[in-house]
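These are the residues of each chain, in order.
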Amino acid sequence: MFTQYQLPYGYDALEPHIDTLTMETHHGKHHATYTKNFNDAVEKAGLGDKTVEEILANLNQVSDEALRKALRNNGGGFYNHNLYFSTLSPNGGKAPTGALAAQIEKDFGSFDALVEKLSTAAATQFGSGWAFLSKKPDGSLVVSQSLNQDNPISEGTGNKPIMCIDVWEHAYYLKFKNLRPDYIKTLFNVIDWELVAKNYEG
C-alpha cells in the first residue's frame, strides 16, 4: 500500500506564497485521489511488491493497455506530488549549500542561473505538466520538462528527480489565475533546498 506524503505543517503554513485553499484542494483532494487510484491499479496489476520507481520504470512490462495507462497517470501523479510537497516548507527560500550548491555551480554556473532555467522550463511547459531538477547517474544535474504526470523515471532517462515544479492549473489557478510565471516566482520562496539536498545526497 502506497501512502501519500503527509505535510509536517498546516495547509495555511505556506501563506502568502501558496494559499490555504490551494493547499487543501491540491494536497487534500488531488494528491489523495492519485494515491487511491494508484493503489487500486497496483492491486489489479499484482505489483504490490514493487516500489513506485520500479513500476514507473517498467511500464512496458504491463500488457493491459488500460491498466498500464492507469499506472502511468496515477503512479506518476503519486510520485510527482510526493516529491513536490516534500520539498516545500515554511523555512524555504534560502539558497542551497554543501555538495548540492557545488554541483549547481558546476553545472549551471550559479544558483540564480538554475532558478532561471527551472523557471523557464516550468513556464514554457505546454499544457499540464512538470519541470524537474534531476540527478544523473554520474552525479551531475539536469533540468527537464514532462507532460501530464510523466517524469524522468517513466520516460526511461535513468535520472533521479530531486525536486519539481507542478504546473498543472490546480497547483496555482485559485490564487494566480492564468499568471503561471507569478506562481513559479513565488514558489521559490517555499522551496526548501535543504530537503532537496537530502534527495541529491540520498
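In this report, the structure presented in the accompanying data block is examined.

1. Here we look at the overall build of the protein
Step number 1: Of regular secondary structure, the protein possesses eight helices and three strands.
Step number 2: Taken from the N to the C terminus, the helices and strands of the protein come in the order α-α-α-α-α-β-β-β-α-α-α.
Step number 3: Relative to the globule expectation of 17 Å for 202 residues, the C-alpha radius of gyration of the protein, 16 Å, shows essentially globular dimensions.
Step number 4: Referenced to the eigenvectors of the C-alpha coordinate spread, the extents of the protein come out at roughly 45 × 40 × 30 Å.

2. Remarks on the packing of aromatic side chains
For any pair of aromatic rings, the description rests on two quantities: the centre-to-centre distance and the angle between the ring planes.
Step number 1: Under the defined criterion, the tally for this structure stands at ten aromatic pairs.
Step number 2: Ring plane angle 80° and centroid distance 6.1 Å describe the contact between tyrosine 84 and tryptophan 130, whose orientation is recorded as edge-to-face. Of this pair, tyrosine 84 sits in helix α3 (residues 65-86) while tryptophan 130 sits in strand β1 (residues 129-135), and the two are 46 residues apart along the sequence. You'll find tyrosine 84 and tryptophan 130 in the same group, each marked buried.
Step number 3: Pairing tyrosine 172 with tyrosine 173 gives two aromatic rings, centres 6.2 Å apart and planes at 45°, and the pair type is tilted.
Step number 4: Relative accessible area serves as the criterion here: at 4%, tyrosine 172 is assigned to the buried category.
Step number 5: Joined through ring pairs, the aromatic side chains of Tyr84, Phe85, Trp130 and Phe132 make up one cluster.
Step number 6: Above the face of the tyrosine 200 ring, lysine 135 is positioned so that its terminal group lies 4.8 Å from the ring centre.

3. What about the sheet that holds strand β2 (residues 141-147)?
Step number 1: Spatially, the three strands line up as an open sheet ordered β2-β1-β3, and their pairing is antiparallel. Sheet topology places β2 and β3 (160-166) at the edges, where each strand pairs with a single neighbour. Across the sheet, the mean angle from the axis of one strand to that of its neighbour is 25°, orientation sign disregarded.

4. Overview of helix α4 (residues 98-108)
Step number 1: Restricting attention to buried positions, one finds in α4 the residues Leu100, Gln103, Ile104 and Phe108. Seen along its axis, α4 keeps its buried residues to an arc of 105°; they face one direction. When the buried face of α4 is taken as reference, the exposed residues oriented beyond 90 degrees from it are Gly98 and Lys106.
Step number 2: Close packing links the buried residues of α4 with α5 (111-124), β1, β2, β3 and α8 (193-201).
Step number 3: Positive backbone phi, approximately 95°, marks glycine 109, located one or two places after α4.

5. Some points on the packing of α4 against α8
A pair of packed helices is characterised by two quantities: the angle between their axes and the separation of those axes.
Step number 1: Packing of α4 against α8 brings their axes to within 8 Å, and their N-to-C directions diverge by 85°. If you check the angle between α4 and α8, you find them roughly perpendicular. Across the interface between the two elements, Ala99, Leu100 and Gln103 from α4 touch Trp193, Val196, Ala197, Tyr200 and Glu201 from α8.
Step number 2: Looking at side-chain class alone, the contact of α4 with α8 contains six nonpolar, one polar and one charged residues.

6. Let's talk about the nonpolar core
One recurring pattern in soluble globular proteins: nonpolar side chains tend to sit buried together.
Step number 1: Counting 58 residues, the largest nonpolar core has Leu71, Leu133, Ile165, Tyr183 and Trp193 as its most contacted members.
Step number 2: Counting residues per element, this core draws most heavily on α3, at seven residues.
Step number 3: Every residue in contact with leucine 71, bar those within four places of it in the chain, is listed here: Phe38, Ala41, Val42, Ala45, Leu47, Ile55, Leu56, Leu59, Val62 and Gly76.

How each quantity is defined
- Residues numbered from 1 in each chain as written.
- Predicted model: local features only at pLDDT ≥ 70, side-chain atom pairs only at ≥ 80, totals over all residues.
- Heavy atoms only, no water.
- Helix = DSSP H or I, 4+ residues; strand = E, 2+ residues; numbered from the N terminus.
- Rg over C-alpha atoms; globule rule 2.2 N^0.38 Å.
- Phe/Tyr/Trp six-rings, centres within 6.5 Å; stacked < 30°, edge-to-face > 60°.
- Buried < 20%, exposed > 50% of the residue type's maximum accessible area, 1.4 Å probe, protein only.
- Lys NZ or Arg CZ within 6 Å of the ring centre and 35° of its normal.
- Pairing = 2+ DSSP bridges.
- Axes fitted to C-alpha atoms, helices over the stretch in contact; angles between N-to-C directions.
- Arc of directions from axis to C-beta.
- Contact = heavy atoms within 4.5 Å.
- Parallel < 35°, antiparallel > 145°, perpendicular 65-115°, else oblique.
- Nonpolar A, V, L, I, M, F, W, Y, C, P; charged D, E, K, R; others polar.
- Core = buried A, V, L, I, M, F, W, Y, C linked by side-chain atoms within 4.5 Å.

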